[in-house]
Amino acid sequence: MRRRVRTGVVILLLIVLLGGAGYVGWVLVQRSEPVSLPETTGDFQVGRRTFEWTDTPRRDPYADGPRRLAVWLWYPVAKTTTGQHVQYAPDDWNGLHLKAPISIFQGPFDTLQDRALDRVAIAPGKFPVVVLMPGMGLSAPMYAALAEDLASHGYLVAGVTPTYSANLTVLGGQVVASKPEANPSNLGDSSESSQQVGDHLVGIWAADARFAAGMVAKELPNSVESAVGPAYVGHSFGGAAALEACRLDARCAAAVDLDGSQFGDVVRKGVKAPMMLLGADNSCITSVCGPDAKNDTDRDRALSLLKASTGTSWCATIPGTRHFNFTDYGVYYLAYPLRKFLPLGSVGPRHALTVTSGYLNTFLSHVIYKTAAPGAPVCKR
């Protein structure tokens, strides 16, 4: 009897091992298949350039010397332009990929086909500037899907990677890692100490955003629509920074917070420019909690922000989404169980990015070009 039991256990283990090996083999085949960023929806092709800018008068609070930033610029390109497509994450930026052993369940970046053209000429004309801020720990390249769609609609999109807050930045050909004081682990715990840390840090990020907006105008003076101030867009903590940057910038055309808890003086003082708060299903950042929200501490901050603001405000929740549905994780190949443990909702990930881009383009077109927006989701104050 015992021999039969042992034999059964051995057979079961062999089945599990063979099944696991078979699944890993299947994943290796699947992850090698090319995937592409979503098709853009605007009238322009898209180009991409990368810059390293130094804010000489401003001392970096986390290092000796002035503040240095890596900025990726996506911009409109004439339909007739030809050129080589960019690598999604070139050189050391490839370190944005998840690390082993879990990396086996994520598709490699070299099979991710990017639609942007490498350093080609900007389309004739003048275009508004949009500064795009990432979530805490993330980097600007991980928002290429949203950035490229905006650029295809005629915007100069400057994606900022806040140095020492991002898990990975590349400056001067060197990888720069995060520092705990710039990438605190307690921002999401709703405590008084995390509020104080976030209120301080959001000012640094807002200064980064405003500096980048000014540098785009200096770098591309013949392509920037000077009659229109910059719009600030951000995800997660970058959304809070976008709001604070808009509050501080008298020329701010608009601000967008993509599923980001709000921090800083903007919570009490509000913004004068139009703003949009776009949340996930388990979020309360719009002042109205989504159906899956389990913690409503963000609601009071959002209500304070809305009551103090004087411009037009849009609020919406995208059904079926979670926090990472606003990033390029919605495009990456992610096998089970990795996808299960990332904050991605039940909605089709590409669909979530399409909906987000639709909101962004409709809102910015409405506030900058005064296009009609019937049925706009006006916030409840």
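Being a predicted model, the structure only gives us computed values, none of them experimental. (Residues numbered from 1 in each chain as written. Predicted model: local features only at pLDDT ≥ 70, side-chain atom pairs only at ≥ 80, totals over all residues. Heavy atoms only, no water.)

### A few points about the overall build of the protein chain
Where we set the bar: By the criteria applied, helices consist of DSSP H or I runs no shorter than four residues and strands consist of E runs no shorter than two, each listed in order from the N terminus. Note on classification: 1.4 Å probe, protein chains only; a residue is buried when its accessible area is under 20% of the maximum for its type, exposed when over 50%, partly exposed between these limits. Should any heavy atoms of two residues lie within 4.5 Å, those residues are considered in contact. Each accessible area is a Shrake-Rupley estimate made with a 1.4 Å probe; only the visible protein chains count as cover when residues are assessed. Positive charges come from Lys and Arg, negative ones from Asp and Glu, while His and the chain ends are left out of the count. Here the site of a charge means NZ on Lys, CZ on Arg, CG on Asp, or CD on Glu.
When you go through the protein chain residue by residue, the secondary structure sums to 8 helices and 13 strands. Its C-alpha atoms put the protein chain at 85 × 50 × 50 Å along the principal axes. For the protein chain, with 381 residues in total, the buried portion stands at 54%. The contacts of the protein chain with a sequence gap of at least 6 include a subset with a gap of at least 24, amounting to 72%. Roughly 16,900 Å² of accessible area belongs to the protein chain as shown, and the carbon and sulfur atoms make up 55% of that amount. Each charge sign in the protein chain was given a centre, from 35 positive and 32 negative side chains, and these centres are 5 Å apart.

### A short note on the state of the cysteines
Defined as follows: By convention in this document, the label disulfide applies to cysteine sulfur atom pairs within 2.5 Å.
What the rule picks out here adds up to 3 disulfides. A sulfur-sulfur separation of 2.1 Å characterises the disulfide bridge that pairs cysteine 284 with cysteine 289. Since a negative S-S torsion denotes a left-handed disulfide, the cysteine 284-cysteine 289 link at about 110 degrees is right-handed. A residue is classified by how much of its surface remains accessible, and cysteine 284, at 1% relative accessible area, is buried. What pairs with cysteine 315 in a disulfide is cysteine 379, and their sulfur atoms sit 2.0 Å apart.

### Considerations on the nonpolar core
The line we're drawing: As used in this record, nonpolar core signifies buried Ala, Val, Leu, Ile, Met, Phe, Trp, Tyr and Cys residues forming a set joined through side-chain atoms within 4.5 Å.
Ranked by internal contacts, the top residues of the largest apolar core, which has 120 residues, are Tyr88, Val157, Val216, Tyr232 and Leu364. In terms of residue count, helix H3 (residues 192-219) provides more of this core than any other element does, 11 residues in total. Excluding residues within four positions of it along the chain, valine 216 makes contact with Trp53, Leu73, Val129, Leu156, Ala158 and Val224.

### Some points on the packing of aromatic side chains
Our working rule: Working definition: rings of Phe, Tyr and Trp (its six-membered ring) pair if their centres are within 6.5 Å, and the pair is stacked with planes under 30 degrees apart, edge-to-face with planes over 60 apart, and tilted otherwise. A ring is scored as having a charge over it whenever the NZ atom of a lysine or the CZ atom of an arginine sits within 6 Å of its centre and within 35 degrees of its normal.
Here the structure, examined in full by the defined rule, presents 12 aromatic pairs. Aromatic pair phenylalanine 44 and phenylalanine 127: ring centres 5.6 Å apart, planes at 85 degrees, arrangement edge-to-face. Taken together, the positions of phenylalanine 44 in the loop between strand E1 (35-36) and strand E2 (45-59) and phenylalanine 127 in the loop between strand E5 (112-118) and strand E6 (129-133) put the pair 83 residues apart, joining distant regions of the chain. Residue phenylalanine 44 is classed as partly exposed on the basis of its relative accessible area, which comes to 23%. You can call phenylalanine 127 buried: its relative accessible area is 6%. Plain terms: the ring middles of tyrosine 88 and tyrosine 332 are 6.0 Å apart, the flat faces sit at 85 degrees to each other, and that makes the pair edge-to-face. Of this pair, tyrosine 88 sits in the loop between strand E4 (85-87) and E5 while tyrosine 332 sits in the loop between strand E13 (313-317) and helix H7 (338-341), placing them 244 residues apart in sequence. With respect to burial, tyrosine 88 and tyrosine 332 carry one shared label: buried. Of the aromatic side chains, those joined through ring pairs into one cluster are Tyr88, Phe109, Phe324, Tyr329 and Tyr332. We note lysine 179 situated over the ring of tyrosine 164; from NZ or CZ to the ring centre the distance is 4.5 Å.

### Some remarks on the side chain of glutamate 244
Under the convention used in this document: For the purposes of these results, a polar contact is taken to be a pair of N or O atoms within 3.5 Å, where, inside protein, one atom must be able to donate a hydrogen and its partner to accept one; residues adjacent in sequence count only when each atom of the pair is a side-chain atom.
Tracing the sequence through the fold places glutamate 244 in helix H4 (residues 237-248). With a relative accessible area of 5%, glutamate 244 lands in the buried category. Only 3.0 Å separates the side chain of glutamate 244 from the backbone nitrogen of valine 266, close enough to count as a polar contact. Beyond its immediate chain neighbours, meaning those up to four positions away, glutamate 244 contacts Val202, Ala206, Gly264, Asp265 and Val266.

### A word on the side chain of aspartate 328
Worth spelling out the cut-off: Salt bridges are counted wherever a side-chain nitrogen of Lys or Arg sits within 4 Å of a carboxyl oxygen of Asp or Glu.
Secondary-structure assignment places aspartate 328 in the loop between E13 and H7. Despite being buried, aspartate 328 has no salt bridge partner; arginine 48 is the closest side chain of opposite charge, sitting 8.6 Å away. A polar contact of 2.9 Å, which involves the side chain of aspartate 328, links it to the backbone nitrogen of alanine 144. The contacts of aspartate 328, once residues within four sequence positions are left out, are Leu37, Tyr88, Pro141, Met142, Tyr143, Ala144 and Ala145.

Functional significance is not addressed by these values, which are geometric in nature.
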